Amino acid sequence: MLLFVLRRILLGLLIVLLAVTTLYCLVQAAPGNPIDILLGPRGSPAMKAALEARLGLDQPLPVQIVKFFGSLLEGDLGLDIKTKRPVAELVLERLPKTIALLAASLLFASALGIPLGCFAATHRDSIADRIVGVASVSVISIPPLIIAIYGLLLFAAWLKWLPAVGAGDRGDLADQIYHLVLPTLAVALNWIGYVARLVRASMLEILNEDYIRNARAFGLGEGRVVFRYALRIAVAPTVTVLGIGVGYMLGSAIFAEIVFARPGIGKLIYDALLVRNYPVIMGSVLASTVILVVATTVSDILNALIDPRIRQGQEA
Amino acid sequence: MGLLGLVIVTALAASALLANVIAPYDPSAIDIPNRFSPPSAEHPLGTDQLGRDVFSRTLYGGRIALLVALVSTGSAAAIGLVIGLLAAYGPRVVDNAIVLVLDTMRCYPTIIFALAVGPLFGAGLGTVIAIIVVTTTPYYGRIVRTQALALKRSEFILSAESSGASRSRIVFLHLLPNILGPVLILASMDIPIVIAAEASLSFLGVGVKPPTPSWGIILDEGYRSVQHTSWLVVAAGIPLVLATLGFTFLGEALRDTFDPKLARRF
């Protein structure tokens, strides 16, 4: 098990390394170069050369990449162009807000999706199963941006049940959770449907397996069969999908943070984008990539804990 | 559900194609005195901050949405098909390299990737399509590779090989028809996601540029003036919800009809 965990962590590091290098090269290869964007149309060639030298962009690409990783290891992501604050500080300040939103969404999606899928599978072809089916397909496809905006209008502007903007008072946990409800809904709604369908499909497959028939033949109660034997295995693909899904949730979180003016990473990227604050954009995208890779790695390790077969190296 | 999807999709496609006939107004005709007017007989969805007719703009927006969806899904599927077949039938080194690149590319979710790269290329229709193609191609490449590898060992391919068929004959005559099905189904299920992505990117300002009437732009303008009126943003969301629902229902029905085995994999 320890070996498996170590291998997964190494693979995760390799992917971060590759992803960051690719992104760095892409940014350099793109036609609009960051220097021109930073300086705007009025930048003189001398200013350009000076800024290039300051940012180390006049050196060959491999040297740049090595230097970039070097400063990365020291926790240096460069300086914010507007406020001259270190980007790393900005990112770390915003990160908890986004992670809280992602965690709440994961929790919400599984807390609703898994029971719904399990219920639909055990009541196959009933009216309730059909309703869960149609409802999950419908919520899967609605863009999170629309859910955020409609949610804002309905629950915050018209009904006034929930707060519209911000992340709540610092130190007041209840207020923070209160402010988390609508953004979580916007990020998680798609995933409730997705998880419900996934759990239903894998439950149906597993309930047909021999060992479930055996368990029933031994006279075990239906509740025990469903929860102890079937659901445990049926949840495994959901954990994988949610691990990969964190990336998409991060994309949705950007919209939720913009619409509800929640000061997280997404809002940081968006605000930086409006003024073309390139170091901040790169820093936040880097942070998002790390969140993503950590999430996939954790979900793989969780999966190995749930289903011992995966540990035996079948995951490659 | 499939029928409902078909009806919605047909209606959307027809209204987008015939936008110049159906639309009661020019989508960019500015009429400041009548700005923010509520829905009425003259303006079924009201007017925006410049007095432009929202209904007409939504109809023209459908053209952009469908154009982006068809072009980018088509290109991603075609590129993925070639890459996937290359990986499955090329030398081992090529296969390993392709898988590594595809898996790295899958690391970036569309929106995050777009935010990092979009501003460098400048907003515009081409950028949106390029971003969507880059982020969705890996999925096609992966599925084509898996399918091709599985089929490579199947008996009908082995028999074609043993009777001396050339490699190109096997790939084009025997392999391709069997791979095209899953790819087309994946593409049909991808369309609603792409439509949502185009609107989302345009909303963020890295997609289609105003004053082009894209659903994302209308939504963005509606959101900016949400303090004046809220129905503008409500109206802009309706076609987007309808389009994604319609295409999803249709894609699901297609998948269930033509490839029930695939249902378990997604």
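Residues numbered from 1 in each chain as written. Chains lettered and ligands numbered in written order. Predicted model: local features only at pLDDT ≥ 70, side-chain atom pairs only at ≥ 80, totals over all residues. Heavy atoms only, no water.

Asks: Honestly, the overall build of chain B in this entry has me stumped. Any pointers?
Replies: From N to C terminus, chain B includes 10 helices and 0 strands. Along chain B, helices (α) and strands (β) appear in the sequence α-α-α-α-α-α-α-α-α-α when read from the amino end. In terms of its C-alpha atoms, chain B occupies a principal-axis envelope of roughly 75 × 40 × 30 Å. Residue pairs at least 24 apart in sequence account for 71% of intrachain contacts in chain B once pairs closer than 6 positions are excluded. About 11400 Å² of surface is accessible on chain B, with carbon and sulfur atoms providing 68% of the total. Between the averaged position of the 18 positive side-chain charges in chain B and that of its 16 negative side-chain charges there is a distance of 12 Å. (Helix = DSSP H or I, 4+ residues; strand = E, 2+ residues; numbered from the N terminus. Contact = heavy atoms within 4.5 Å. Areas by Shrake-Rupley, 256 points an atom, 1.4 Å probe, with all protein chains shown as cover. Lys, Arg positive; Asp, Glu negative; His and termini not counted. Charge placed at Lys NZ, Arg CZ, Asp CG, Glu CD.)

Asks: Is there a simple way to think about the confidence of the model for chain A in this case?
Replies: Detailed reading of the predicted model is not advised wherever pLDDT is low. For chain A, per-residue confidence averages 80 on the pLDDT scale, and residues scoring 70 or more make up 90% of the total. Here helix α13 (residues 308-314) of chain A stands out as the element of chain A with the lowest mean pLDDT, 61, in contrast to helix α5 (residues 87-122) of chain A, whose mean of 88 is the highest. (pLDDT = per-residue confidence, 0-100.)

Asks: Please clarify how the confidence of the model for chain B should be interpreted in this entry.
Replies: All names here are of chain B. Of all residues in chain B, 97% attain a pLDDT of 70 or more, and the chain-wide mean is 81. Taken element by element, chain B is modelled with least confidence in helix α2 (residues 19-22), mean pLDDT 75, and with most confidence in helix α3 (residues 54-89), mean pLDDT 89. Overall fold confidence (pTM) sits at 0.80, and the ipTM for the predicted complex is 0.79.

Asks: What is the right way to read the pattern of salt bridges from this model?
Replies: Where charged atoms from two side chains of opposite charge approach closely, those side chains can pair. All names here are of chain B. Here the structure, examined in full by the defined rule, presents 10 salt bridges over all chains. Put simply, Arg57 and Glu221 hold a salt bridge, and the shortest N to O gap is 3.8 Å. On the criterion of sequence distance, the pair formed by Arg57 in helix α3 and Glu221 in helix α9 (residues 215-224) is long-range, its members being 164 residues apart. Assessed through its relative accessible area of 13%, Glu221 is described here as buried. As a salt-bridge pair, Asp220 and Arg224 come within 3.2 Å of each other at their nearest N and O atoms. In this pair, Asp220 and Arg224 are both assigned in helix α9, 4 residues apart and thus about one turn of the helix distant. Judged by relative accessible area, which is 10%, Asp220 ranks as buried. (Salt bridge = Lys/Arg side-chain N within 4 Å of Asp/Glu carboxyl O. Buried < 20%, exposed > 50% of the residue type's maximum accessible area, 1.4 Å probe, protein only.)

Asks: Whenever I open this one, the domain arrangement of chain A confuses me. Can you help?
Replies: When the parts of a complex come together, some accessible area is lost, and that lost area is often used as the size of the interface. What the domain assignment reports for chain A is domain 1 (34-76) and domain 2 (89-315). For domain 1 of chain A and domain 2 of chain A, the distance between their C-alpha centroids amounts to 38 Å. (Domains from an automatic or database assignment.)

Asks: Got a minute to help me understand the interface of chain B and chain A in this structure?
Replies: The partner chain A presents 49 residues to the 40 residues of chain B that form the contact. Taken together, the two surfaces of chain B and chain A that pack against each other cover about 3900 Å², and 77% of this comes from carbon and sulfur. One can count 1 salt bridge joining chain B with chain A. Among the ionic pairs, A:Arg197 bridges to B:Glu252, the shortest N-O distance being 2.8 Å. Across the contact surface, chain B and chain A share 7 residue pairs in polar contact (both at pLDDT 80 or more). Broken down by secondary-structure element, the contributors of at least two residues to the side of chain B that touches chain A are α4 (92-105), α5 (110-121), α8 (167-204), α9 and α10 (231-258) of chain B. Sort the elements by how many residues they give to the side of chain B that touches chain A and α10(B) lands first, with 12 residues. Residue composition of the side of chain B that touches chain A, by class: 30 nonpolar, 6 polar and 4 charged. (Buried area = accessible area lost by both parts, 1.4 Å probe. Polar contact = N/O pair within 3.5 Å; in protein donor to acceptor, adjacent residues only side chain to side chain. Nonpolar A, V, L, I, M, F, W, Y, C, P; charged D, E, K, R; others polar.)

Asks: Could you clarify how one ought to interpret a nonpolar patch on the surface in this entry?
Replies: Where nonpolar side chains cluster on the molecular surface, the patch consists of A:Met1, A:Val290, A:Val294, A:Val298, A:Leu302 and A:Leu305 and spans about 480 Å² of accessible area. Mapped onto the elements of the fold, A:Val294 is located in helix α12 (residues 278-306). (Patch = residues over 30% accessible without salt bridge, like charges linked within 9 Å, V, L, I, M, F, W, Y side chains within 5 Å.)

Asks: What is the right way to look at the packing of helix α10 (residues 222-259) of chain A against α5(B) in this model?
Replies: Each pair of packed helices gets described by two things: the angle between the helix axes and the distance between those axes. As a packed pair, α10(A) and α5(B) sit with axes 7 Å apart at the nearest point and diverge in direction by 65°. On the basis of their axis angle, the class for α10(A) and α5(B) is roughly perpendicular. Across from A:Leu250, A:Gly251, A:Ile254 and A:Phe255 in α10(A), the residues of α5(B) making contact are B:Ile111, B:Ile112 and B:Leu115. A class-by-class count of the residues in the contact of α10(A) with α5(B) yields 6 nonpolar, 1 polar and no charged. (Axes fitted to C-alpha atoms, helices over the stretch in contact; angles between N-to-C directions. Parallel < 35°, antiparallel > 145°, perpendicular 65-115°, else oblique.)

Asks: Explanation requested: helix α7 (residues 144-158) of chain A in the structure shown.
Replies: An α-helical turn contains 3.6 residues, so a residue and the one three or four places further along point in the same direction. Compared with the 21 Å implied by 1.5 Å per residue over 15 residues, the 20 Å span of α7(A) between its first and last C-alpha is a close match. At A:Leu152, α7(A) shows its strongest bend, of approximately 25°. Among all positions of α7(A), only A:Pro144, A:Leu145, A:Ile146, A:Ile147, A:Ala148, A:Ile149, A:Gly151, A:Leu152, A:Leu153 and A:Ala156 are buried. On the buried face of α7(A), the contacting elements are α8 (173-207) and α10 of chain A together with α8, α9 and α10 of chain B. Count one or two residues on from α7(A) and you reach A:Lys160, which has phi positive near 55°. (Expected span 1.5 Å × (residues − 1). Bend = angle between axes of the 7 residues up to and from the residue.)

Asks: Whenever I open this one, the packing of α8(B) against α9(B) confuses me. Can you help?
Replies: All names here are of chain B. The interhelical angle for the contact between α8 and α9, taken along N-to-C directions, is 45°, at an axis separation of 7 Å. Compared by their axis directions, α8 and α9 come out oblique. Like other packed secondary-structure pairs, α8 and α9 cross with a definite hand, here right-handed. Two secondary-structure elements touch here, α8 through Ile195, Ala199, Ser202 and Phe203 and α9 through Trp215, Gly216, Ile217, Leu219, Asp220 and Tyr223. Its residues assigned to classes, the contact of α8 with α9 shows 7 nonpolar, 2 polar and 1 charged. (Left-handed = near helix turned anticlockwise from the far one by under 90°.)

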